[in-house]
Amino acid sequence: MKNKNQLVHKIKITFSQNWLYYIMVLPGLIYLLINSYLPMFGIIIAFKKMDFSKGIFGSEWNGLNNFRFLFATNDAWIITRNTIAYSIIFFIVGTFMAILFAVCLNEVTNKISAKLYQTISLLPYLMSWVIVSYLAFAFLSSESGFINKSILPILGIDSISWYHEKDYWPFILTFVSTWKGVGYSMILYYSNILGINQDYFEAAKIDGASKLRQIRYITLPLLKPTVITLLILNLGSIFRSDFGLFYQVTKNSGPLYPYTRTIDVYIYQALMKNADYGMSSAASVCQSIIGFVLIISANKFLRKYQASSALF
Amino acid sequence: MKSREYRYTQIFANTICFIIILSAILPFIMLIIASFTDNDWAAANGFTYFPGKWSMDAYSYIIKQWDIIGHAYLMTIIVTLLGTSISITITTLFAYGISKPNVPGMKVVSFILIFAMLFNGGLVSTYYCYAKIWNIKDTIWALIFPGLLMSGFNVILVRNYFTNNIPASLEEAARIDGANALYIFGSIVMPLSKPVLATIGLMTALVYWNDWANGLYYLTARGGSQYNTIQIILNNINNDIQALAQVMTSNDSGFSTDIKMPSTTIRMAIAVFGILPILVLYPFFQRYFVKGITFGGVKE
């Protein structure tokens, strides 16, 4: 009894000292509850025969049938393959370009040019995917695109119906993804390079090391931890794709699906176009859970490998 | 005397950088020139960097239709301002709370945030909650709330700034003088945090300005919503064209003639309106974006 009173008293004191802090985090907590935690319970939709008019609790249970149907389709394999393959390709090409750009930018001695390069290269990053789809359309449109009307005739090649021929899209998407992201990831590596102790380079210069050797033996090895951190984080989100890129830039064109439909596009379509809640929620739950497991493992791995860059 | 190696390095480095920024900027130049190209000329010869016939028709059409485009513009601005100000308020308050790990319970609050960053219910159940429980469809809140209002990364960015850059002694002194937490937050912490506020403010504003996905999910009223922003209008035009293409391929030509689409040059001109504020304002705010990336990048 006495202990309980003491506890109550202690809680009262803590609260009276700190209640303002609790009030301050309250709006954020409510938002997290609405935006993140409530939908987590919505995962049970994947195990229901969902009927929106009956609501979640009114709908019948459906066991694992939604998942069974999903994995019985050919789509399940294609969207998984596309999502993973693009994640890997984008990372490799994007990282290569970003490091090349960062190393080159670091060599530019003219301060004004360097500033200009950095500023302009970030511009695509600031654009929405809708805008990017308009930019791409100006080049790729069959009837009035720059490539079909101006470039291909010079080369003597027939017009290509870009939005109907899927074979080109792995390259187009890789280009667009790199185009949009290179300014951003370059800054990560560039700020890293700027942080390298200049003594290393001075010493190398005195030893007569060429620029190329300095980059090979000083700059690149010192960028390795950042690359590895980003690689692991990327592996953690390998089952996610940028919906905007695959939905907008492809103009959601049907003939391209075999190479352009990723998990996120599939979920959107099954939900909004076909109202197929079973399939879409099954796919979306798989993505969430695998994503969660991967990011946790990635973080565990990071902690072991280089604790300073672990996420939490 | 500059060495030969120095000169070669400069040429090589500048060439690579130049190619990259050229490919970054050329599509934008194309878009702008396309919007000033005569529509018939573009239809015959395609978009080029040197059109044979210039025209302001696309813009005079937009000016004529200003009640639609202007309204969308106004909505974009309202959504951006409203979203950004609510977002900054709850983000900084929340970040200040969790920057005090000694306050009992704040570790749990931090965990609640981190867990929400790592795990989510996915699109289907999020959509269900917003559409069916909160009835957010076809309201302005559909553009403010889902997903965008408080980014976990921004919270951590601000919390780290509070922990590293606000001297604890300053807050302690104020507390001894009898100031409460809210007062300290408002009159000491916030004024000292202008750089990080500018950074997250700009990044949040950009996210709201550019958002089209919430419109795609939640503004589905037939005949278009009064809350359509520029980005949503641009996205809707894309969708209408796809719908049109489907009708045409299904050979029901009776339908297709009824749907009137803005010409390609007009679409390009609307897109130019969508990016104009970013192009104009970005050079002034560039350093805040760079700061946001380097703060929030790899290392937390």
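As a convention, each chain's residues are numbered from 1 in the sequence order in which they are written. The naming scheme follows written order: chains are lettered A onward, ligands numbered 1 onward. The model is predicted, so local features are restricted to residues of pLDDT at least 70 and side-chain atom pairs to those at 80 or more, both for listing and for counting; the totals for chains, interfaces and linings are taken over all residues.

**Student:** Explain the overall build of chain B here, please?
**Tutor:** Numbering goes from the N terminus for both helices and strands, where a helix is a DSSP run of H or I of at least four residues and a strand is a run of E of at least two. The helix and strand tally for chain B stands at 15 helices and zero strands. By principal-axis analysis of the C-alpha atoms, chain B measures approximately 75 × 75 × 35 Å. Any residue surrounded by 20 or more other C-beta atoms within 10 Å of its C-beta is treated as buried, while 12 or fewer makes it exposed and the intermediate range makes it partly exposed; C-beta atoms here are placed from the backbone. The burial tally for chain B puts 38% of its 300 residues in the buried class. Placing C-beta atoms from the backbone, we regard two residues as in contact once those atoms come within 7 Å. Taking the intrachain contacts of chain B between residues at least 6 apart in sequence as the baseline, contacts between residues at least 24 apart amount to 68%.

**Student:** What's the story with the overall build of chain A in this structure? I'm lost.
**Tutor:** Assigned secondary structure in chain A consists of 14 helices and two strands. Computation of the radius of gyration draws on C-alpha atoms, with the globule rule given as 2.2 Å multiplied by the number of residues to the power 0.38. Expected size for 312 residues packed as a compact globule is a radius of gyration near 20 Å; at 26 Å, chain A overshoots this value by more than 25%. On the principal axes, the C-alpha backbone points of chain A span a range of 80 × 55 × 30 Å. The proportion of buried residues among the 312 residues of chain A is 40%.

**Student:** Teacher, can you tell me more about the interface of chain A and chain B here?
**Tutor:** A common way to report how large an interface is uses the accessible area buried once the components associate. The interface of chain A with chain B comprises 85 residues on the first partner and 84 residues on the second. For the side of chain A that touches chain B, the element with the most residues is helix H1 (residues 2-41) of chain A, which contributes 17 residues. Class assignment for the residues of the side of chain A that touches chain B results in 51 nonpolar, 29 polar and five charged. Amino acids are sorted into nonpolar (Ala, Val, Leu, Ile, Met, Phe, Trp, Tyr, Cys and Pro), charged (Asp, Glu, Lys and Arg) and polar (every other residue, Gly among them).

**Student:** Help me understand the domain arrangement of chain A in this model?
**Tutor:** The split into domains, and so the bounds of each, comes from an automatic or database assignment of domains. Per the domain assignment, the segments making up chain A are domain 1 (1-31) and domain 2 (65-309). The centre of domain 1 of chain A, based on its C-alpha atoms, is set 46 Å off from the matching centre of domain 2 of chain A.

**Student:** Where do I start with the environment of Ser-59 of chain A in this structure?
**Tutor:** Residues and elements named next belong to chain A. Counting through the fold element by element, Ser-59 comes out in the loop between helix H2 (55-58) and strand S2 (60-61). The spacing of Ser-59 and Ile-157 is 98 residues in sequence and 57 Å in space, taken between C-alpha atoms. Setting aside chain neighbours within four positions, we find Ser-59 in contact with Lys-48, Lys-49, Met-50, Asp-51 and Lys-54.

**Student:** In this structure, what is going on with the nonpolar core? I would like to understand it.
**Tutor:** Most often, soluble globular proteins have nonpolar side chains that are buried together. Here, a nonpolar core means buried Ala, Val, Leu, Ile, Met, Phe, Trp, Tyr and Cys residues linked by C-beta atoms lying within 7 Å of one another. In terms of nonpolar packing, the biggest core is built from 145 residues, with Tyr-134 and Ala-138 of chain A touching the most fellow members. Not counting chain neighbours up to four residues away, the residues in contact with Tyr-134 of chain A comprise Leu-31, Leu-234, Arg-267, Met-268 and Ala-271 of chain B.

**Student:** It is not clear to me how unusual backbone geometry should be interpreted in this structure. Could you clarify?
**Tutor:** Across residues other than glycine, the phi torsion is negative in most instances, and most of the peptide bonds are trans. All names here are of chain A. Phi is positive for Asn-252, close to 50°, though the residue is something other than glycine. When you line up the elements, Asn-252 lands in the loop between helix H11 (243-249) and helix H12 (257-260). Phi at Ala-275 is positive, roughly 50°, even though this residue is not glycine. Assignment of secondary structure puts Ala-275 in the loop between helix H13 (263-273) and helix H14 (277-305). The exposure class of Ala-275 is exposed, given the 10 C-beta atoms found within 10 Å.

**Student:** Looking at this structure, I do not really get the packing of helix H10 (residues 211-236) of chain A against H14 of chain A. What am I missing?
**Tutor:** In a pair of packed helices, the angle between the axes and the distance between the axes together describe the arrangement. Residue and element names in this part refer to chain A. All axes are obtained by fitting lines to C-alpha atoms, using only the stretch in contact for helices, and the reported angles, taken between N-to-C directions, cover 0 to 180 degrees. Between H10 and H14, the shortest axis-to-axis distance is 7 Å and the interhelical angle comes to 160°. In terms of their interaxial angle, H10 and H14 are classed as roughly antiparallel. Crossing angle aside, the handedness with which H10 passes H14 is right-handed. Judged by residue contacts, Ile-228, Thr-229, Ile-232, Leu-233, Leu-235 and Gly-236 of H10 engage Leu-294, Ile-295, Ala-298, Phe-301, Leu-302 and Tyr-305 from H14. Throughout, the term roughly parallel applies to angles under 35 degrees, roughly antiparallel to angles over 145, roughly perpendicular to angles from 65 to 115, and oblique to all others. By definition, turning the near helix anticlockwise from the far helix through less than a right angle yields a left-handed crossing, and turning it clockwise yields a right-handed one.

**Student:** Explain helix H11 (residues 194-210) of chain B to me, please; I cannot follow it from the model alone.
**Tutor:** Quick reminder: α-helices carry 3.6 residues per turn. Residues three or four places apart thus point the same way. Residues and elements named next belong to chain B. What a helix should span is 1.5 Å times the count of its residues minus one. End to end, H11 covers 24 Å across 17 residues, agreeing with the expected 24 Å (1.5 Å per residue, within 8%). Most of H11 is tucked away, with 12 of its 17 residues classed as buried. Among the residues of H11, those classed as buried are Val-196, Thr-199, Ile-200, Gly-201, Leu-202, Met-203, Thr-204, Ala-205, Leu-206, Tyr-208, Trp-209 and Asn-210.

**Student:** What am I meant to see in the confidence of the model for chain B here?
**Tutor:** Low pLDDT marks regions whose predicted coordinates should not be analysed in detail. Residues and elements named next belong to chain B. Of all residues in chain B, 90% have pLDDT values of 70 or greater, and the mean over the chain is 85. Residue-level confidence of the predictor is summarised by pLDDT, bounded by 0 at the bottom and 100 at the top. Here helix H14 (residues 253-256) stands out as the element of chain B with the lowest mean pLDDT, 43, in contrast to helix H4 (residues 66-98), whose mean of 93 is the highest. Below pLDDT 50 for its whole length, residues 251-259 participates in seven contacts with residues either more than four positions away or in separate chains. The ipTM, which scores confidence in the relative placement of chains, is 0.89 for this predicted complex, and the corresponding pTM is 0.90.

**Student:** Quick question: what am I supposed to make of the environment of Ala-13 of chain B here?
**Tutor:** Mapped onto the fold, Ala-13 of chain B is located in helix H1 (residues 4-35). Distance in space between the C-alpha atoms of Ala-13 of chain B and Lys-132 of chain B is 55 Å, their sequence separation being 119 residues. Once you skip the residues sitting within four places of it in the chain, Ala-13 of chain B turns out to touch Cys-104, Glu-107 and Val-108 of chain A.

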